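# Topology and contacts: notes
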Amino acid sequence: QVQLVESGGGLVQAGGSLRLSCATSTSAFGIMGWYRQAPGKQRELVAEFTSGGSTNYADSVKGRFTISRNNARNTMYLQMNSLKPEDTGVYYCNGRIGQYGRWVDYWGQGTQVTVSS
């Protein structure tokens, strides 16, 4: 069974930092990333490892967030610095596995990040 479990969310003041973790049950993901969803808004990509192994960031977080992973531990991280109130939302870990010529998405349960002004 494929599982992704996020941790590390919380309440932080603007300008502060948080590190999110995503522990997974498999190393089979071809693409992995972090998404977030603010109240009343659609889920959006924050950062990801592409299928080629490079990284991709949303413009709004470039220079502030860093995605990384520990393959030996099947864990992905998101280091978030210089947090802003607009970074508030539920952060989801996403993994994609290639199956039968298409990507199949798997999601964690989400972790709440709240940035106070």
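Provided above is the structure to which this section pertains.
Heads up: these notes are all about the structure in this document. (Residues numbered from 1 in each chain as written. Predicted model: local features only at pLDDT ≥ 70, side-chain atom pairs only at ≥ 80, totals over all residues. Heavy atoms only, no water.)

What follows deals with the packing of aromatic side chains. By the definition in use, this model includes three aromatic pairs. The rings of Tyr35, Tyr92 and Trp107 are connected pair by pair, giving a single aromatic cluster. Seen from the ring of Tyr92, Arg43 lies directly overhead, with NZ or CZ sitting 3.7 Å from the centre. Note that Arg69 overlies the ring of Phe49, its terminal NZ or CZ placed 4.0 Å from the centroid. (Phe/Tyr/Trp six-rings, centres within 6.5 Å; stacked < 30°, edge-to-face > 60°. Lys NZ or Arg CZ within 6 Å of the ring centre and 35° of its normal.)

Side chains of nonpolar character tend, in soluble globular proteins, to be buried together. Counting residues in hydrophobic clusters, the biggest one holds 25 residues, and the most contacted among them are Trp34, Leu78 and Met80. Only β3 (18-24), β4 (31-37), β5 (44-49), β7 (65-70), β8 (75-80), β9 (89-99) and β11 (111-116) provide two or more residues apiece to this core. Contact partners of Met80, with chain neighbours within four places excluded, come to Gly16, Ser17, Leu18, Leu20, Arg64, Phe65, Tyr91 and Val113. (Core = buried A, V, L, I, M, F, W, Y, C linked by side-chain atoms within 4.5 Å. Buried < 20%, exposed > 50% of the residue type's maximum accessible area, 1.4 Å probe, protein only. Helix = DSSP H or I, 4+ residues; strand = E, 2+ residues; numbered from the N terminus. Contact = heavy atoms within 4.5 Å.)

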